[in-house]
Amino acid sequence: MSSACLSMESRASAAPAPRALPYYVAFSQLLGLTVVATTGAWLGLYRGGIAWESALQFNVHPLCMVIGLVFLQGDALLVYRVFRNEAKRTTKVLHGLLHVFAFIIALVGLVAVFDYHRKNGYADLYSLHSWCGILVFVLYFVQWLVGFSFFLFPGASFSLRSRYRPQHIFFGATIFLLSLGTALLGLKEALLFKLGTKYSTFEPEGVLANVLGLLLASFGVAVLYILTRGDWKRPPQAEEQALSMDFKTLTEGDSPSSQ
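Computed from a predicted structure; not experimentally measured. (Residues numbered from 1 in each chain as written. Predicted model: local features only at pLDDT ≥ 70, side-chain atom pairs only at ≥ 80, totals over all residues. Heavy atoms only, no water.)

## Some details on the packing of aromatic side chains
Each aromatic ring pair is specified by the distance between its two centres and by the angle formed by the two planes. This is how it is decided: Side-chain rings of Phe, Tyr and Trp (the six-membered ring for Trp) are treated as a pair once their centres are within 6.5 Å; stacked means planes under 30 degrees apart, edge-to-face means over 60, and tilted covers the remaining angles. A ring has a charge above it when a Lys NZ or an Arg CZ is no more than 6 Å from the ring centre and no more than 35 degrees off the ring normal.
Applying the stated criterion across every chain yields a total of 14 aromatic pairs. The interplanar angle of 90 degrees and the centroid separation of 5.8 Å between the aromatic rings of Y225 and W232 together place this pair among those described as edge-to-face. The side chain of R229 reaches across the aromatic face of W232, ending 4.2 Å from its centre.

## Considerations on the UniProt feature "transmembrane region" (unreviewed entry) in the protein
As a reminder of what qualifies: UniProt positions are given in the numbering used here, feature names are shortened, and annotations may be inferred rather than shown by experiment. Strands are runs of DSSP state E lasting at least 2 residues, helices are runs of H or I lasting at least 4, and numbering of each runs from the N terminus.
UniProt annotation of "transmembrane region" (unreviewed entry) refers to residues 21-45, 65-83, 95-114, 134-156, 168-187 and 207-227 when read in the numbering used here. End-to-end, the C-alpha atoms of residues 65-83 are 26 Å apart, and along that stretch the chain is 95% helix and 0% strand. Annotation note: span residues 168-187, helix share 100%, strand share 0%, distance between end C-alpha atoms 29 Å.

## Some thoughts on helix α6 (residues 158-195)
In plain terms, the rule: Multiplying one less than the number of residues by 1.5 Å gives the expected span of a helix. The reported bend at a residue is simply the angle between two axes, fitted to the 7 residues ending at it and to the 7 residues beginning with it.
Its 38 residues place the ends of α6 54 Å apart at the C-alpha level, agreeing with the 56 Å of an ideal helix rising 1.5 Å per residue. Along its length, α6 reaches its greatest deviation from straightness, about 40 degrees, at Y164, and the proline P166 lies no more than four positions downstream. Where α6 terminates, the next one or two residues include G196, which has phi positive at roughly 60 degrees.

Next comes the structure, spelled out in structure tokens:
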């Protein structure tokens, strides 16, 4: 058993990082930062900027949602591709913390829009964008709680983690896609409310917002491409392989040394 573990450890440590992966990750980060900067430029140039105690409070909402549920959520999903050889627990903690920061920032954005509506007597939760937004926010919170319970809470068994991991990955990617779609819905809604029929006359704000929409979609495509490349997955570390083989031995009766 010890010799097998040593052999596995040497193979895991010697596994080189895919040559193209750093370039794709860097490109995704460039896109993500451009999305955040373009959102700020749109709000600053055409929506008056950002402030909490004024009519500009609403603008806190789109900026926080883009930073939290788009950029930081995307980065949290990429943690296991970027930090390929670090200790698994360290990577899990970073993954969880990025999701916490994303959730807190998104919560600020959610509070901002509800408070803005309350102060101005506007109705809540009537649009498709708002329905999708609440759904995404609740799913995101539940996903984090369940992920913490299974992967960071010390009481979860290895077998339980192994069985839930595919569902966790699937729902993580699904919520990210829903977040992008909701952001695009909100962007279109904001343009129609302000520009109305002027939207079809290529108003500068409409053009900039369309560019922002394309950047949002491009960032999503870049993140999902990196996530779905099977050969770019994080290689299992020695302790993970040993645990997996022990679990297989207990459940299927195989001998670890025969693998």
